[in-house]
Amino acid sequence: MTKISPINISLARIKSIGVSLLLASSLIGFVDSVQAAKKDLSQEITIKSKRQSADLKNKIASYLDEVSIRQGSIAITADIVQVFSKTNANTGEKLDTYLAKGKPALFQQQLEDGSLISLQADEIKYQPNRNIITISGNAEVKQAGSKVSGETITYNTLSEKLEAESSSDNSVTTILQPAQIKAQQEKNNASKNDSDNND
């Protein structure tokens, strides 16, 4: 019969507890990200524009000229935004699709880590119930100093994942900023802001 010393039991237990804590903290981080995305969607929506019209029969609202939409940390600016509303026959849930057009139309959202993601294109299709944004026509995504551009980019606001495609004649372009350059740029911007505030 093999005898296990109390020290070996304690080390095995500590490893087991450590793995459990690591897994739990990973799950908490994911839950925080999900809650941040859902928090934006639970906020009221404010829409400003120069002109507005509605097709009540077909449930289409149109916002024209200098359109600005805000919901939590989400901001959309465009020349025209149309909101198409449907109701899911099975669940009764209201499903909205926002179609924004501009030169460019712009979508911004603050991510869980506090950084800002910015998507711009000729056309933005935002489906908040599905957590999906599809941008097309001179599509570009900027985040933390890096940039992805292509013909069509799809972004999931919940998982914070994106896919980019381009036409057969062009390629998707990605420009990554090394952490050192980004840190130096932020330091320079902070110094500039401090000197501007002291003037």
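Just so you know, these numbers come straight off a predicted model, no measurement behind them.

Concerning the overall build of the chain
When you go through the chain residue by residue, the secondary structure sums to two helices and ten strands. The buried share of the chain, taken over its 199 residues, is 26%. Intrachain contacts of the chain at a sequence separation of at least 6 include 35% that bridge at least 24 residues. As displayed, the chain has an accessible area near 13,500 Å², and 52% of this comes from carbon and sulfur atoms.

Some thoughts on the packing of aromatic side chains
Tallying each qualifying case throughout the model produces two aromatic pairs. With a centroid separation of 5.8 Å and 35 degrees between ring planes, the pair formed by Tyr98 and Tyr126 is classed as tilted. Placement of the pair is Tyr98 in strand E5 (residues 94–110) and Tyr126 in strand E6 (residues 116–127), with a sequence separation of 28 residues. No difference in accessibility class separates Tyr98 from Tyr126, as the two residues are buried. One aromatic cluster is present, built from ring pairs that chain together Tyr98, Phe107 and Tyr126.

Observations regarding empty space enclosed by the protein
By the definition in use, this model includes one cavity of 30 Å³ or more. Ile45, Ile69, Gln71, Ile74, Ile76, Tyr98 and Tyr126 are the residues that line the largest cavity. For the lining of the largest cavity, the elements supplying multiple residues, two or more each, are strand E3 (60–71) and strand E4 (74–87).

Quick look at the pairing of E6
Summarising the sheet, E5 and E6 pair through ten bridges and their orientation is antiparallel. When the bridges of E6 are listed, Gln110 appears paired with Leu116. As consecutive antiparallel partners, E5 and E6 are separated by five residues, and within that stretch Gly114 has a phi angle of approximately 95 degrees, a positive value. In terms of strand pairing, E6 meets strand E7 (residues 132–143) through nine bridges, oriented antiparallel. Pairing of Tyr126 across the sheet is with Ile133, part of E7. Hairpin connection between E6 and E7: a loop of four residues separates the two successive antiparallel strands, and Asn131 in this loop has a positive phi of roughly 60 degrees.

Focus: the environment of Ser73
Here Ser73 shows up in the loop between E3 and E4. Assessed through its relative accessible area of 21%, Ser73 is described here as partly exposed. Here the alpha-carbon distance between Ser73 and Leu116, two residues 43 residues apart in the chain, equals 9.2 Å. The residues contacting Ser73, other than those within four sequence positions of it, are Asp40, Gln108, Gln109 and Gln110.

A short note on the pattern of salt bridges
Within this structure, the stated rule accounts for seven salt bridges. The salt bridge partner of Asp96 is Lys94, with a shortest N-O separation of 3.7 Å. One salt bridge in this structure joins Asp122 and Lys103, with 3.8 Å as the shortest N-O distance. Of this pair, Asp122 sits in strand E6 while Lys103 sits in strand E5, and the two are 19 residues apart along the sequence.

Parameters at a glance
Residues numbered from 1 in each chain as written. Predicted model: local features only at pLDDT ≥ 70, side-chain atom pairs only at ≥ 80, totals over all residues. Heavy atoms only, no water. Helix = DSSP H or I, 4+ residues; strand = E, 2+ residues; numbered from the N terminus. Buried < 20%, exposed > 50% of the residue type's maximum accessible area, 1.4 Å probe, protein only. Contact = heavy atoms within 4.5 Å. Areas by Shrake-Rupley, 256 points an atom, 1.4 Å probe, with all protein chains shown as cover. Phe/Tyr/Trp six-rings, centres within 6.5 Å; stacked < 30°, edge-to-face > 60°. 1 Å grid on protein atoms, 1.4 Å probe; cavity = no way out; pocket = protein on both sides within 12 Å on 5 of 7 lines; lining within 4 Å. Points joined across faces, edges and corners; volume = space filled by probe spheres on them. Pairing = 2+ DSSP bridges. Salt bridge = Lys/Arg side-chain N within 4 Å of Asp/Glu carboxyl O.

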